[in-house]
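Read off the chains here:
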Amino acid sequence: MDVTTCLKSLLLAIHQYRDNRMAHNAAQLQKQVEELSGMQCVRLLSSGQVLPSECVCGLVELAGDPNTSPALTGTIISLLAQLVCDDESRDVLQSSYNLTSTLASIIHCHSATPREPLVLQCLKVLQRLTYNGRIFHCANYIHELIDFLMSNIIAEVNVYIQSHNDDITMPCLGLMANLVRYNLSVQTHIKALSNVKVFYRTLINFLAHNSLTVVVFALSILASLTLNEDVGEKLFHAKNIHQTFQLIFNIIVNGDGTLTRKYSVDLLVDLLKNPKMADYLTRYEHFSVCVSQVLGLLHVKDPDSAAKVLELLLALCGVSGLRSLLCEVVFRPAAPRLRAASRRQGAGLDAGQKTEPGLALIQWLSSPAEGEELCCLQALQLLTELLEEALGSQVVSVCVLGFVELLVPVVLDLLQGLDPAAPDSQLRTHCIRTTHTTSLLLMLCSEDSVCRVVSRQMSSQLCLSQVELLLSCCHNNDPLTCPLTGHDSSLSQVCGEAVLKAVELMSKLRQQVKDMETSFYRILQDQRMVTPLSLALTSSHREHVQTGLRLLLEATPLPDFPSLVLGESIAANNAYRQREAELSVKRVAVQQDFPAPMGKSLSGPSPSSPSHSIHSLIEKLQNGMESKEGRLQDLLEAKALALSQADRLITQYRCQRAQAEAEARKLASMLKEAEQRREELQVELGSQVLEAERAKGDIEELLQHNARLQADSQEHQSLKGSYNQLLNRFNESERLLKELQAAHISLIKQMDTVRKTQDTLRLQHDKALCELKEREEQMKSFQSELQQRNRDITGLRGELRDQEERGRAKEKEREELEETVDILRKELNKTELARKDASIRASSLELQKAQVEAKLQKKEDELNKHSSMIAMIHSLSSGKQKSDVNLSL
């Protein structure tokens, strides 16, 4: 089953359950909600379609109804919890469906049982819904929600439950941290309560909790409520603020998860917005070490954690005293390995990404996947801030230049990959990324040495193709043909900003990159440049207007620049803005004339249209009257009540019916008025459409007339050019004639001078001939002397060759003697080694001889002993024999 079919079935089940709240309909509706939850349609409300909006509207209304079963309410809230995970859907749920008040009403209805699973589920959804969101304290059940949170937080600190199964302390603290952050009205309401001091003491006690998440929540609430009060002065005093900083950094690095890291980063960002806290952090001695540990978190692959780390680093860059320290941590330690990485082509990023924070930032820039666009944009902003600080010094360090050489190819890759046929969301993301990328490149080009690095890797074709693709996207989303949904956030506006930044970059590099100047002037004369220029010149941002004026100053002298079309576009933009302002005023007036009706729900969202709400109210009234009729008939038939009691009930019923009919007539009249107003608005809309069509026809006629004028202008320019050429040739000929006449007069004067000079030279020539003859005689004498000396030199050269031959012979004899000496030395060394071996063997033999002699002496002693023993044995044996003989005898 696809999503559309599931949504249609869900909407039908919602209507059936709303009409008849039977158990079967409730089970069917719960089944449909569970099926939609199983499809994981997180971006269901991002499409802006009517069917999902009606389904969510009905579900929120049923969830806020106290008559809905808790099981069905829990299933609906589970589906809403999935939708809250998407940022865009979360904003829609909070602004259009009033989900915060609905969930607060559910918690208020079950406040007697705070540990009920439904209450815990609502608290968790509210914590996601209110994160980084603004809540109005005057909304329904917000005061009751604050009282519920404070009472449970104060009660829980005494119990001090550490179990995660039935503990509501953590969601209560997280939701309270969201409510008090950047919300002065909620802060004022809490400070006016009678138990606020007890609440402060409770939060201070939670700072000793064994869960880091609870500690962060408590510290965030205290920072929001007491930072500028006496309690905050004591809690965040200069004596213990360094311990607080160390605690926050430790939680960021070693936190329990992404949720804890998010809130700890938010806490430190909030503290940095206080000038006193920022000054304390600049004097924190372990800041560099802590920032290095935080930068190490960029190596993880979790986009949510990386986004919060980059958000913290951007906040640190906002403090002037911390930006330079952050540059030292990011760039200076990286110098040796960065240079090594730049020489390793294939393993450039992977080899050092586990140690270098700068390379981790580059890694988040390269090929951002889905879900990582925010990290890519934050990394671009952070690098812009850090490199601006690093390049602002008098001397750019070598490590920064090496880092830029690694950075520029990755940044240039971000400019590619634009598909004009892609969905608007992808085009918008690419245009925003292009704007940040070109801003970074423009900042790099502000320094000469770094600009040379950029210009070496930049090509005019890349800039030209990128600008043409952006212009095609901008032209397809022209605000004159596609109405703006929000001027600053429209796709045409975003594309226009990207185009202006890219063209400004081309202007910056037009002297350094080949063919860049030609491409720059070609783009300025493109007709499609009218849209971004007109949007920039009519923008409310000063930077956009200044950029548009700079480019307009460059483009105005060009012959084919469409200045007339630009003027028409600027006028059309201004007229469109004025018309939008008038329509917005009319919309506000219509909304004030038709207030949203109140239903039976405690805080359900307004219906999608007035006619829908009126029909639903009429159906409810009719159902109520029919049920009352049946109940009276059953009472009359079954009980047979007294006539007076029956008359009283009938009279009461008739009064109620008359009131209902009067209310129905009133609603019908309101419906009729609404229809009349709708018809009037439709007529006005038709007249505006006709006016737009006429304006479109006028624009087409103006464009045709402009084309004819341009053709005439081109012909006029060509004739004017031919006339100017002929005039230039005539002036040139006249000038050449005057020059030739002046030259003729000067040549006559020179000829007279030459005649006089010739006579003088003739005399000098005769005198020189005489001197030349004398010199020739001298040269002959010199040549004879030179020949004699050459003969002497030849003889000397022969003697020198004999001496060289004798020297070579002696050198050869000396080399032979040296070889002989080397041979003798080697034989002597061998003899010496043999002598040493012989002496060592002799000493070993002498030692062996002494040992053998000692053994021989020992053997001789033993032999003597044996000999004496043998002699004794012989002597004894001979005596015994004699005695035996005697005995035998």
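Before any of the text, the structure's been laid out above.
Remember, it's a predicted structure, so these values are computed and weren't measured experimentally.

Some points on the overall build of the protein
Part 1: When helices and strands are counted, the protein shows 34 helices and 0 strands.
Part 2: Across the protein, contacts joining residues at least 24 apart in sequence account for 74% of those joining residues at least 6 apart.
Part 3: As displayed, the protein has an accessible area near 52,300 Å², and 55% of this comes from carbon and sulfur atoms.

Regarding the packing of aromatic side chains
Part 1: As enumerated under the stated definition, the model contains 5 aromatic pairs in all.
Part 2: A connected cluster of aromatic rings, assembled from ring pairs, spans Tyr-131, Phe-217 and Tyr-263.

Re unusual backbone geometry
Part 1: Phi at Tyr-182 takes a positive value of approximately 55 degrees, unusual for a residue other than glycine.
Part 2: Here Tyr-182 shows up in the loop between helix H9 (169-180) and helix H10 (184-191).
Part 3: Positive phi values are uncommon outside glycine, yet Asp-515 reaches one of about 65 degrees.
Part 4: Along the chain, Asp-515 turns up in the loop between helix H28 (491-509) and helix H29 (516-524).

A closer look at the side chain of Glu-447
Part 1: Following the sequence through the fold, Glu-447 ends up in the loop between helix H25 (424-444) and helix H26 (448-457).
Part 2: It is Arg-452 that comes nearest to the buried, bridge-free Glu-447 among opposite-charge side chains, at 6.4 Å.
Part 3: For Glu-447, the side chain forms a polar contact with the side chain of Ser-449, separated by 2.3 Å.
Part 4: Within polar-contact distance, the side chain of Glu-447 engages the backbone nitrogen of Val-450 at 3.0 Å.
Part 5: When neighbours within four sequence positions are excluded, Glu-447 is seen to be in contact with Leu-391 and Val-396.

Here's the deal with helix H14 (residues 241-254)
Since the α-helix advances by 3.6 residues per turn, residues separated by three or four positions end up pointing in the same direction.
Part 1: Its 14 residues place the ends of H14 20 Å apart at the C-alpha level, agreeing with the 20 Å of an ideal helix rising 1.5 Å per residue.
Part 2: Of the positions making up H14, those classed as buried are Ile-241, Thr-244, Phe-245, Ile-248, Phe-249, Ile-251, Ile-252 and Val-253.
Part 3: In this fold, the buried residues of H14 make contact with helix H12 (212-226), helix H15 (258-272), helix H16 (275-282), helix H17 (287-296) and helix H18 (303-317).

Overview of helix H4 (residues 70-84)
Part 1: Between its first and last C-alpha atoms H4 spans 20 Å; for 15 residues at 1.5 Å apiece the expected length is 21 Å, and the two agree.
Part 2: Leu-72, Thr-73, Gly-74, Thr-75, Ile-76, Ile-77, Leu-79, Leu-80, Ala-81, Gln-82, Leu-83 and Val-84 are the residues of H4 that are buried.
Part 3: Where H4 is buried, its residues meet helix H1 (3-19), helix H2 (23-38), helix H3 (50-64), helix H5 (87-95), helix H6 (99-109) and helix H7 (117-129).

Describing the environment of Ala-360
Part 1: Tracing the backbone through its elements, the reader meets Ala-360 in helix H22 (residues 357-365).
Part 2: Taking relative accessible area as the criterion, Ala-360 reaches 2% and is therefore assigned buried.
Part 3: It is 6.1 Å that separates the C-alpha atoms of Ala-360 and His-299, two residues lying 61 residues apart in sequence.
Part 4: Apart from the residues lying within four places of it in its own chain, the contact partners of Ala-360 are Leu-298 and His-299.

A closer look at the packing of helix H30 (residues 530-537) against helix H31 (residues 542-555)
Relative orientation and spacing of two packed helices are given, respectively, by the angle between their axes and the distance between those axes.
Part 1: It is the contact of H30 with H31, at a shortest axis distance of 7 Å, that shows an interaxial angle of 130 degrees. Of the possible angle classes, the one that applies to H30 and H31 is oblique. Crossing of H30 against H31: the hand is left-handed. Note on element contacts: H31 touches H30 through His-544, Val-545, Gly-548, Leu-549, Leu-551 and Leu-552, opposite Leu-533, Ala-536 and Leu-537.
Part 2: Across the contact of H30 with H31, the residue classes tally to 7 nonpolar, 2 polar and no charged.

What about the side chain of Ser-211?
Part 1: Its location among the elements puts Ser-211 in the loop between helix H11 (196-206) and H12.
Part 2: Classification of Ser-211 as buried rests on a relative accessible area of 9%.
Part 3: For Ser-211, the contacting residues outside a window of four places in its chain are Met-170 and Asp-256.

So, how was this worked out
- Residues numbered from 1 in each chain as written.
- Predicted model: local features only at pLDDT ≥ 70, side-chain atom pairs only at ≥ 80, totals over all residues.
- Heavy atoms only, no water.
- Helix = DSSP H or I, 4+ residues; strand = E, 2+ residues; numbered from the N terminus.
- Contact = heavy atoms within 4.5 Å.
- Areas by Shrake-Rupley, 256 points an atom, 1.4 Å probe, with all protein chains shown as cover.
- Phe/Tyr/Trp six-rings, centres within 6.5 Å; stacked < 30°, edge-to-face > 60°.
- Buried < 20%, exposed > 50% of the residue type's maximum accessible area, 1.4 Å probe, protein only.
- Lys, Arg positive; Asp, Glu negative; His and termini not counted.
- Salt bridge = Lys/Arg side-chain N within 4 Å of Asp/Glu carboxyl O.
- Polar contact = N/O pair within 3.5 Å; in protein donor to acceptor, adjacent residues only side chain to side chain.
- Expected span 1.5 Å × (residues − 1).
- Axes fitted to C-alpha atoms, helices over the stretch in contact; angles between N-to-C directions.
- Parallel < 35°, antiparallel > 145°, perpendicular 65-115°, else oblique.
- Left-handed = near helix turned anticlockwise from the far one by under 90°.
- Nonpolar A, V, L, I, M, F, W, Y, C, P; charged D, E, K, R; others polar.

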